[in-house]
Amino acid sequence: MEFGTMLETMGSGMLKTIGIFFLTLIGSLPLGVGIMLLRTSKNKVVKSITKAFIAVIRGTPLMLQLLVWYFGPYYLFDWSIRGWRFPGLIIGFVVNYACYFAEIYRGGIESMSVGQYEAAEVLGYTKSQTFFRIILPQVFKRILPSITNEVITLVKDTSLAYTLAYAEVFSIAKQISASQTSFMPFLIAGVFYFIANYAVAFGMERIEKALKYYN
Amino acid sequence: MILEMKNIRKSFPASAGGTNEVLRDISLSVDKGEVVSIIGPSGSGKSTLLRCATFLETIDGGSITYMDTVAASTDANGRVSYISKNEMKTVKGYFGLVFQQFNLFPHFSVLKNITDAPVKVHGRNAEEVKAEAMELLAAMGLGDKADAYPCQLSGGQQQRVAIARALAMKPEILFFDEPTSALDPELTIEVLKIIRKLAEEHMTMVIVTHEMNFARAVSNRVIFMDGGVIVEQGDPEEVFGNPRQERTRQFLRSYEQ
């Protein structure tokens, strides 16, 4: 197989990888806020259940979770899983990353000084004004480095979709490598992941710099 | 009468179990234009009294009245009730608080720290508020710092911005919770100058402070607190020059060395 053809075949996989990446972020960043709110709920039952759920998600391999989300409906409920591959995959990624983000958000919010809340309260800000105008922008800045870490991990974790035989770049690389007895597809995949992460790091650094105007 | 606190009681859970009574039946009223200083050793309840007056802490007994609004009261069964959130909005407009740690919003410029609440909380016209804020900054000697961020300012400058932020809300009464305790001596002077200027303009103020000479010079009334009660209060010359209580004399002596 010529290099050009190889690259072209892998190109469709790259697009799918990018698809998993963005869908996971779009789903997990906001879902993380929801989970964080449940995790910090005043209701002890809600709080404990959420805490246990996060522990399970963080305590088991993402690969295993993907298999459970995909095959679970069949084994547990005897449902047909035709057409379920991609939704199952995305749900697995979103839920996993949302739990990590939830814990990052929680850490950021808990690191805010009580004085910020008190100053806002005395000035008469409502609870939601305090959260959205005063607390959240500061938390965002504080947690950005941790978010960057997760996003970079996500770029590489997308390769786990190969577990469900989803044709993203890593699955295709493995296929071509086997059929052509060539090492080249892995090199191409490696370069692709590296460039993707370089772009992520570059973008996040820009955002961090833009927020450097205050401490 | 701007503020009237009657028979205030407040306890905190003690670390060893049980409760620690921080305010024991304290009453304090402040008239328009009065400057009241509260002095006393650490743990005497001075700051807690301010925090109760500004609703950062809830009281366990007594009543708090601002202007003609009873904001907190205790019924015959000893149950404390506060007015509704909505009614509280008006009451919160009556007072401002300057913190020991400034508590400016670090992500807002100096100007925005001052203008944000009048615009977003009181819904006032942004241009008008901005013009007032610039005047306030000039009065604080910070006319050139409007676009700076709090992290670029010294502690003394930050505290002056915090005072401007509180004044921009046009409070009837301004509370200061140890406004210079986090500052170096030189920076303390610039903040005290501002407070003295406000006193000359007859701003109603309650100041918790460890600056005895300052309290003596600017106050109409000095309150000495210890162990959650008011031990002695009166004219500053009386309290400082000729204290009636042995506890007051003992406390003031500790400042003479």
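As a convention, each chain's residues are numbered from 1 in the sequence order in which they are written. Going through the entries in the order they are written, you letter the chains from A and number the ligands from 1. Only residues with pLDDT of at least 70 are given local features in this predicted model, and only at 80 or more are side-chain atom pairs given and counted; all residues enter the totals for whole chains, interfaces and linings. The side-chain numbers reported here are obtained from all heavy atoms of the structure, hydrogens and water having been left aside.

Engineer: Please give an account of the nonpolar core that cites residues and values.
Structural biologist: Grouping buried Ala, Val, Leu, Ile, Met, Phe, Trp, Tyr and Cys residues that are joined through side-chain atoms within 4.5 Å yields what is termed a nonpolar core. Only protein chains enter the calculation, and the probe is 1.4 Å; a residue is then buried if its accessible area is under 20% of its type maximum, exposed if over 50%, and partly exposed in between. One finds Met10 and Phe93 of chain A together with Met5, Ile64, Tyr66, Ile173 and Phe175 of chain B to be the most contacted residues of the largest nonpolar core, which totals 95 residues. Helix and strand definitions follow DSSP, with helices as H or I runs of at least four residues and strands as E runs of at least two, each counted in order from the N terminus. Ranked by residues supplied to this core, first place goes to helix 4 (residues 85–110) of chain A with 13 residues. The contact criterion used is simple: two residues touch if any of their non-hydrogen atoms lie within 4.5 Å. Beyond its immediate stretch of four places on either side in the chain, Ile173 of chain B contacts Ile2, Leu3, Val30, Tyr66, Tyr94, Phe95, Gly96, Met203, Thr204 and Val206 of chain B. Judged by nonpolar contacts, the second largest core, of 37 residues, contains Val98, Ile163, Met203 and Val218 of chain B.

Engineer: I'd like a description of the interface of chain A and chain B, backed by residues and values.
Structural biologist: Frequently, the measure chosen for interface size is the accessible area removed from exposure when the parts meet. Counting residues at the interface gives 18 residues for chain A and 23 residues for chain B. Throughout, buried area stands for the accessible area (probe radius 1.4 Å) lost by two parts on being put together, summed over both. Summed over both partners, the interface of chain A with chain B buries about 2100 Å², with 61% contributed by carbon and sulfur atoms. Measuring nitrogen to oxygen at the nearest pair gives 4.0 Å for the salt bridge that ties Glu121 of chain A to Lys92 of chain B. Whenever a nitrogen or oxygen atom comes within 3.5 Å of another N or O atom, the pair is scored as a polar contact, on the condition that within protein one atom can donate a hydrogen and the other can accept it, and that pairs from neighbouring residues in sequence are kept only if both atoms are in side chains. Linking chain A with chain B are 10 residue pairs in polar contact (both at pLDDT 80 or more). Where the side of chain A that touches chain B is concerned, the elements lending two or more residues are helix 5 (114–123) and helix 6 (127–157) of chain A. With eight residues, helix 5 of chain A is the single largest residue contributor to the side of chain A that touches chain B. Tallied by class, the residues present in the side of chain A that touches chain B amount to nine nonpolar, six polar and three charged. Think of a salt bridge as a Lys or Arg side-chain nitrogen and an Asp or Glu carboxyl oxygen that are within 4 Å of each other. Lys, Arg, Asp and Glu make up the charged group, whereas Ala, Val, Leu, Ile, Met, Phe, Trp, Tyr, Cys and Pro make up the nonpolar group; the residues left over, Gly among them, are polar.

Engineer: Outline a nonpolar patch on the surface, supporting the account with residue identities and numerical values.
Structural biologist: Residues and elements named next belong to chain A. Exposure above 30% relative accessible area and the lack of any salt bridge qualify a residue for a patch; like charges then connect within 9 Å, and the nonpolar side chains Val, Leu, Ile, Met, Phe, Trp and Tyr within 5 Å. Note that accessible areas follow from Shrake-Rupley with a 1.4 Å probe, and for residues the cover is restricted to the protein chains shown. A contiguous nonpolar patch, built from Phe3, Leu7, Phe183, Met184, Phe186 and Leu187 and spanning about 570 Å² of accessible area, is present on the exposed surface. Listed by contribution, the elements that provide at least two residues to the nonpolar patch are helix 1 (3–39) and helix 8 (184–210). With three residues, the single largest contributor to the nonpolar patch is helix 8. Position of Leu7 among the secondary structure elements: in helix 1.

Engineer: Can you tell me about the sheet that holds strand 3 (residues 35–39) of chain B, naming the residues and giving the values?
Structural biologist: Residue and element names in this part refer to chain B. Sheet architecture is open: six strands sit in the order 7-8-9-3-10-11, paired in mixed fashion. The sheet is open, and its two edges are formed by strand 7 (95–98) and strand 11 (229–234), each paired on a single side. Averaged over all pairs of adjacent strands, the angle between their axes in this sheet comes to 15 degrees, without regard to strand direction. The pairing of strand 8 (residues 173–177) with strand 9 (residues 204–208) spans five bridges and is parallel. Each residue of the ladder has a partner; that of Leu174, found in strand 9, is Met205. In this description, a line fitted to the C-alpha atoms serves as the axis of each element, helices being fitted only across the stretch in contact, and the angle between N-to-C directions of two axes falls anywhere from 0 to 180 degrees. Taken strand by strand, helix 1 (residues 46–53) contacts strand 3, strand 7, strand 8, strand 9 and strand 10 (221–226), and its axis lies near 145 degrees from that of strand 8. Seen against the sheet, helix 9 (residues 246–253) touches strand 3, strand 10 and strand 11 and runs at an angle of roughly 95 degrees to strand 10. Here the rule is simple: two strands pair whenever DSSP picks up at least two bridges between them.

Engineer: Kindly report on the confidence of the model for chain B, identifying the contributing residues and their values.
Structural biologist: Per-residue confidence for chain B averages 94 on the pLDDT scale, and 100% of its residues sit at or above 70. In the predicted assembly, ipTM is 0.93 and pTM is 0.86. Residue-level confidence of the predictor, termed pLDDT, takes values from 0 up to 100.

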